[in-house]
Structures are given as C-alpha cells and as structure tokens.
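Report on the structure
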Amino acid sequence: MDSIGANNPLESEIRTLFGGDFEVYGKFEQFMDGLVDDGTINEWRAYPYDWRFSVEDVVQKGTA
C-alpha cells in the first residue's frame, strides 16, 4: 500500500492541510526494492502483521 486517499471530511481536511494522499509504505517499498536491485538481499515480500501478537508467536505458530 503506497498511500491512501481521503475517505471522509476529516481526512479531506487533513489532506488539504498537508497536501496529497497519506503516505503509508511507498517509500519503504522503494527502499526494499532498492536492496534487491543492488544485490543486498535476494528478494522480499510484504507480510501482514497484527502488532497485537508477539513476533515470536507469529514465527512459531503462523497467522490465521
């Protein structure tokens, strides 16, 4: 998800004040793609993670 648009009046006002859509992960995705391009890593994949669960549990048990 690169960015999200305004979906309600409050988000529209915030967009007007700060300009453009809300940046989410676009720059991070570009950074990760750059690591692949320059050979630092072989590949990467986005993985949805629910921060309410511990990383250890997700690694050991997976996600639903």
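Just so it is clear, the model here is predicted, and its values are computed rather than measured.

Attention shifts here to the packing of aromatic side chains. Inspection of every chain in the model, using the stated rule, returns one aromatic pair. Measuring from ring centre to ring centre gives 6.3 Å for phenylalanine 28 and tryptophan 44, while their planes differ by 70 degrees; the resulting arrangement is edge-to-face. Here phenylalanine 28, found in helix α2 (residues 26-37), pairs with tryptophan 44, found in the loop between α2 and α3 (55-61); they are 16 residues apart in sequence, far enough to count as distant. In this structure tryptophan 44 comes out as partly exposed when scored by relative accessible area, which is 24%.

This part takes up the environment of isoleucine 41. Mapped onto the elements of the fold, isoleucine 41 is located in the loop between α2 and α3. Since its relative accessible area comes to 24%, isoleucine 41 is described here as partly exposed. Beyond its immediate chain neighbours, meaning those up to four positions away, isoleucine 41 contacts Met32, Leu35 and Val36.

Given a rise of 1.5 Å per residue, twelve residues ought to cover 16 Å, and the 16 Å separating the end C-alpha atoms of α2 matches this to within 8%. Turning to α2, its buried residues number three or more, namely Gly26, Glu29, Met32 and Leu35. Positive backbone phi, at 85 degrees, marks glycine 39, one or two positions downstream of α2.

Reading fine detail from the predicted coordinates is not recommended where pLDDT is low. In this model, the protein chain carries an average pLDDT of 80, and 81% of its residues clear a pLDDT of 70 or more. Of all the helices and strands in the protein chain, strand β1 (residues 3-4) carries the lowest mean pLDDT, 62, while α2 carries the highest, 90.

Glancing now at a nonpolar patch on the surface. The grouping of Tyr47, Tyr49, Trp51, Val55 and Val59 at the surface amounts to a nonpolar patch, some 630 Å² of accessible area in total. Along the chain, tryptophan 51 falls in the loop between α2 and α3.

Counted according to the given criterion, the structure contains two salt bridges. Between aspartate 57 and lysine 61 there is a salt bridge, and its shortest N-O distance comes to 3.9 Å. Linking aspartate 57 with lysine 61, this pair stays in helix α3, spanning four residues, or about one helical turn. Judged by relative accessible area, which is 35%, aspartate 57 ranks as partly exposed. Overall, the relative accessible area of 64% leaves lysine 61 in the exposed class.

Rules behind the numbers
Here the residue numbers are simple positions, counted from 1 along each chain's written sequence. Note on the predicted model: pLDDT of at least 70 is required for a residue's local features to be given, and 80 or more for side-chain atom pairs to be given and counted; whole-chain, interface and lining totals, by contrast, use all residues. For the side-chain quantities, the full set of heavy atoms in the structure was used; hydrogens and water were omitted. Centres within 6.5 Å make a pair out of two Phe, Tyr or Trp rings, where for Trp the six-membered ring is used; the pair is then stacked when the planes are under 30 degrees apart, edge-to-face when over 60, and tilted otherwise. Comment: elements are numbered from the N terminus, with helices defined as DSSP H or I runs of at least four residues and strands as E runs of at least two. Burial classes follow relative accessibility: with a 1.4 Å probe on protein chains only, a residue under 20% of its type's maximum area counts as buried, one over 50% as exposed, and anything between as partly exposed. Between two residues, a contact is recorded if the distance between any of their heavy atoms is within 4.5 Å. Any helix carries an expected span of 1.5 Å times its number of residues minus one. By definition, pLDDT measures how confident the predictor is in each residue, and it falls between 0 and 100. Patch rule: a residue counts if its relative accessible area is over 30% and it has no salt bridge; like charges are joined within 9 Å, and nonpolar side chains (Val, Leu, Ile, Met, Phe, Trp, Tyr) within 5 Å. Per-residue and other accessible areas were derived by the Shrake-Rupley procedure at a 1.4 Å probe size, with only the shown protein chains allowed to occlude residues. We define a salt bridge as a side-chain nitrogen of Lys or Arg found within 4 Å of a carboxyl oxygen belonging to Asp or Glu.

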